[in-house]
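Here are the chains, one letter per residue:
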Amino acid sequence: MASQSSTTERDDRRLVVVVIPTYDEKENIADLIADILSQQPKVEGFDLDVLVSDGHSKDGTQEIVTRIGAANPKVHLLDVRERGIGVGLYNGFVHAIDELGADVLIEIDADFQHNPSDIPALLAGIREGYDVVIGSRFVEGSVNKMPLHRRILSVGANLVIRTMLGLKRITEITTSYRAFTKEIFLKVDPETVPWGQEKSFIAVPVFLVRMIDAGASAKEIPMTMHPRVRGYSKMDFSRYIRDIFVFSIRSRLGLEKK
């Protein structure tokens, strides 16, 4: 009887796949995977897996993930063979759903700017019934240790998008630390998100906007954000700022496909 009960409990849990888009992250990836999986005891009702969606790194990132995955079936590698955070995220999401059977997805940066200890709070929101739960730097209880210029960029980018699109309920549009259900992801037309722009992070805010357009119920939770301490940033800040303004203006004029 105890064995049957245990099986039922396992069957009731939802599979969460944490998708990490990477390119040349050998300094961070092993520690990040370990920290993510260490959250498992704190997420009742969910099973955590990790999918590293890699842009064909040449620094040994893939070899590290392959070695970890050989010893731990909860760790997976997808060689996307293209660079760009959008390509990595989209291909990772699709692979997580189609090949791994994900019920819930989490996107997280590979550079430790996002704290894996916030994962239980993200999943608590999913458990409450929200379609998407957003790690926010702008709600009470958040901790933002980023340099001043990055904080200014974040505030400005979020203000522009929220104002131009009339988004009143959400304060954090641009961070790529979110949990969301498979169902809401599948409601978003991939043609409406610029997943393929290699040097731009514009896919990150647009994806959230499209989930909201699709009727997503959304919740923000406070998160802790740290500056990168190892590796190097792949963001082209001038390109990102330009893309934020172009997307916001085109959306306001009704020129963006929804």
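Residues numbered from 1 in each chain as written. Predicted model: local features only at pLDDT ≥ 70, side-chain atom pairs only at ≥ 80, totals over all residues. Heavy atoms only, no water.

S.K.: Could you clarify how one ought to interpret the nonpolar core in this entry?
M.R.: Soluble globular proteins: nonpolar side chains tend toward being buried together. Counting residues in each nonpolar core, the largest one holds 43 residues, and the members touching the most others are Phe93, Phe180, Phe207 and Met211. Counting residues per element, the ones that place at least two in this core are β1 (14-22), α4 (85-98), β5 (132-136), α6 (148-165), α7 (182-187), α8 (203-213) and α9 (237-252). The element contributing the most residues to this core is α8, with 8 residues. Setting aside residues up to four positions removed in sequence, Met211 forms contacts with Val132, Phe180, Ile184, Val188 and Ala216. Of all hydrophobic cores here, the second largest spans 32 residues; its members include Val50, Val52, Ile108 and Leu122. (Core = buried A, V, L, I, M, F, W, Y, C linked by side-chain atoms within 4.5 Å. Buried < 20%, exposed > 50% of the residue type's maximum accessible area, 1.4 Å probe, protein only. Helix = DSSP H or I, 4+ residues; strand = E, 2+ residues; numbered from the N terminus. Contact = heavy atoms within 4.5 Å.)

S.K.: Sorry, what's going on with the pattern of salt bridges here?
M.R.: If charged atoms from side chains of opposite charge come close, those side chains can pair. The final tally for this structure, using the stated rule, is 9 salt bridges. In this structure, Arg210 engages Asp213 in a salt bridge whose closest nitrogen and oxygen atoms are separated by 2.7 Å. Of the two residues, Arg210 and Asp213 are both situated in helix α8; the distance of 3 residues between them amounts to about one turn of the helix. Arg210 sits in the buried class, given a relative accessible area of 4%. Arg250 is paired through a salt bridge with Glu256; the nearest N and O atoms lie 2.9 Å apart. A relative accessible area of 34% places Arg250 in the partly exposed class. (Salt bridge = Lys/Arg side-chain N within 4 Å of Asp/Glu carboxyl O.)

S.K.: Any chance you could explain the sheet that holds strand β7 (residues 178-181) here in plain terms?
M.R.: Adjacent strands of a sheet pair through backbone hydrogen bonds, lying either parallel or antiparallel. If you walk across this open sheet you meet the 7 strands as β3-β2-β1-β4-β7-β5-β8, and the pairing is mixed. Looking along the sheet, the strands with just one partner apiece sit at the ends: β3 (75-79) and β8 (218-222). Pairwise comparison of adjacent strand axes, ignoring direction, gives a mean angle of 20 degrees for this sheet. Note that β5 and β7 share 3 bridges and pair antiparallel. Within β7, the position partnered with Ile134 by the bridge is Arg178. Most of the contacts of helix α2 (residues 29-37) go to strand β2 (residues 46-54), to which it runs at about 160 degrees, and overall it touches β1, β2 and β3. (Pairing = 2+ DSSP bridges. Axes fitted to C-alpha atoms, helices over the stretch in contact; angles between N-to-C directions.)

S.K.: Could you clarify how one ought to interpret unusual backbone geometry in this entry?
M.R.: Glycine aside, a negative phi is what most residues show, and trans is what most peptide bonds show. Despite not being glycine, Asp24 has its phi angle at roughly 55 degrees, a positive value. Tracing the chain through its elements places Asp24 in the loop between β1 and α2.

S.K.: Is there a simple way to explain the packing of aromatic side chains in this structure?
M.R.: Here a ring pair, both rings aromatic, is described through the centre-centre distance and the interplanar angle of the planes. Following the criterion strictly, the structure yields 10 aromatic pairs and no others. Seen from their ring centres, Trp195 and Phe207 are 5.1 Å apart, and the 55 degrees between their planes marks the pair as tilted. Residue Trp195 is located in the loop between α7 and α8, and its partner Phe207 is located in helix α8; the two are separated by 12 residues in the primary sequence. Pair check on accessibility: Trp195 and Phe207 agree, each one buried. One Lys or Arg, Arg83, reaches over the ring of Tyr23 and ends 4.0 Å from the middle of that ring. (Phe/Tyr/Trp six-rings, centres within 6.5 Å; stacked < 30°, edge-to-face > 60°. Lys NZ or Arg CZ within 6 Å of the ring centre and 35° of its normal.)

S.K.: Would you mind showing me how to read the confidence of the model for the protein chain here?
M.R.: Keep in mind that low pLDDT regions are not for reading the predicted coordinates in detail. Taken over all residues, the pLDDT of the protein chain has a mean of 87, while the share at 70 or more is 90%. Residue range residues 1-10 is modelled with pLDDT below 50. Its contacts to residues more than four positions away, or to other chains, number 0 contacts. (pLDDT = per-residue confidence, 0-100.)

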